[in-house]
Amino acid sequence: MSGVRRVHHLNCGSFDSLASGPLVSHVLLCETDGGLVLVDSGIGLADIAAPKSRLGRSALALGPALRVEETAAHQIETLGYQASDVQHIVATHLDYDHIGGALDFPHATVHTTAAELHTAKTRQHLPERLRYRLPHIEAITSFHTYEGEGEELLGLPTANPIVGIEDIWLVPMPGHTIGHAGVAVRTSNRGWLFHAGDAFYHRSVLSPDRSALISRERVLGALEFALAAAPTRVRANHRRLRNLAGRSSQAITVFCAHDPVLFDRLHAEASPIFP
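Bear in mind the structure is a predicted one, so any value in this text is a computation, not a measurement. (Residues numbered from 1 in each chain as written. Predicted model: local features only at pLDDT ≥ 70, side-chain atom pairs only at ≥ 80, totals over all residues. Heavy atoms only, no water.)

K.L.:
Looking at this structure, I do not really get the nonpolar core. What am I missing?
P.N.:
For soluble globular proteins, the rule of thumb is that nonpolar side chains tend to be buried together. Within the largest apolar cluster, 39 residues are counted, with the highest numbers of intra-cluster contacts made by Cys30, Ile168, Val185, Phe194, Phe200 and Leu241. The next biggest cluster of nonpolar side chains, apart from the first, holds 23 residues, and it includes Leu10, Leu38, Leu94 and Leu117. (Core = buried A, V, L, I, M, F, W, Y, C linked by side-chain atoms within 4.5 Å. Buried < 20%, exposed > 50% of the residue type's maximum accessible area, 1.4 Å probe, protein only.)

Here's what the structure looks like:
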């Protein structure tokens, strides 16, 4: 077992379209005594080489930048590591922009909820066939899945500690997908990081005052509900995350996968603070 020593914030896939505006794919790279752990993996090298077949038309409509230098594999090498140093990938869910890069780390075990893996593999309905890309799912040879009640964490009733790693938990948060989860990371000197995946799209969700939303925030909110597998759970997740972010008893930083402002803020803060 090994705890988290250092965390890097990586953008592993930029998007920009008239519908969504600029978006990022916020990935965490966690350094532990037992190797590297990714939280999500973003867009991969193979996706960039063959975007039409691997990502599909709906992904291309969102205007992916498809830059090699944004892949987790490239950024990890730039930091002086090798792909084989990545031992685990903890996935908030298995959409293409969260798991496409897993192919670049063939030695890693992908951790996800049992519900998410089952839905991604069976793809019983059209929305599931659009969002889950078979080239991504079939390329992963090692999965570890989680189900059941787990343990209480940060006031959340259900959290599953990641097997083989200290200080990282998978927190079921269905809504965006049936098996969607947040990922809680306990750090030594920045308190808690809570990667909420696609449980929200815009930082305004974390604000107690929702009365003055601008048009872009409303568009992203509509897109969020349109893409949700269980729309009735989306607002409940927003409330849980707002409460989590507002807790004063513990230092908890809540962020999502695609908000560029939250990413820029955390990316700028992280490097000088970690040893």
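K.L.:
Help me understand the packing of aromatic side chains, please; the structure alone is not making it clear to me.
P.N.:
One pair of aromatic rings is described through two measures. These are the centre distance and the angle between the planes. The full count for this structure, using the stated rule, is one aromatic pair. Ring centres of Trp169 and Trp192 lie 5.3 Å apart, and the angle between their planes is 45 degrees; on these two criteria the pair is classed as tilted. Here Trp169 is found in strand E11 (residues 168–172), whereas its partner Trp192 is found in strand E13 (residues 192–195), with 23 residues between them in sequence. Take Trp169 and Trp192: they sit in the same class, and that class is buried. (Phe/Tyr/Trp six-rings, centres within 6.5 Å; stacked < 30°, edge-to-face > 60°. Helix = DSSP H or I, 4+ residues; strand = E, 2+ residues; numbered from the N terminus.)

K.L.:
Explain the sheet that holds strand E1 (residues 4–11) here, please?
P.N.:
The strands making up a sheet associate through backbone hydrogen bonding, with each pair oriented either parallel or antiparallel. Overall, mixed pairing links the six strands, which are arranged E1-E4-E5-E6-E7-E8 in an open sheet. Of all strands in the sheet, those with a lone pairing partner are E1 and strand E8 (143–146), marking the two edges. The mean angle between the axes of side-by-side strands here comes to 20 degrees, regardless of whether they run parallel or antiparallel. Together, strand E7 (109–113) and E8 form the strand contacts of helix H6 (residues 114–122), whose direction differs from that of E7 by roughly 100 degrees. (Pairing = 2+ DSSP bridges. Axes fitted to C-alpha atoms, helices over the stretch in contact; angles between N-to-C directions. Contact = heavy atoms within 4.5 Å.)

K.L.:
Can you help me understand the pattern of salt bridges in this one?
P.N.:
Side chains bearing opposite charge may pair, as long as their charged atoms lie close to each other. Across all of its chains, the model carries seven salt bridges by this definition. Here Arg54 ties to Asp47 by a salt bridge, and the two come within 2.6 Å at their closest N and O atoms. For the residue pair Arg54 and Asp47, the accessibility class agrees, reading buried in each case. Where Arg67 meets Glu70, a salt bridge forms, and the shortest distance between an N and an O atom there is 2.9 Å. Judged by its relative accessible area of 38%, Arg67 is partly exposed. The buried category is assigned to Glu70, whose relative accessible area is 12%. (Salt bridge = Lys/Arg side-chain N within 4 Å of Asp/Glu carboxyl O.)

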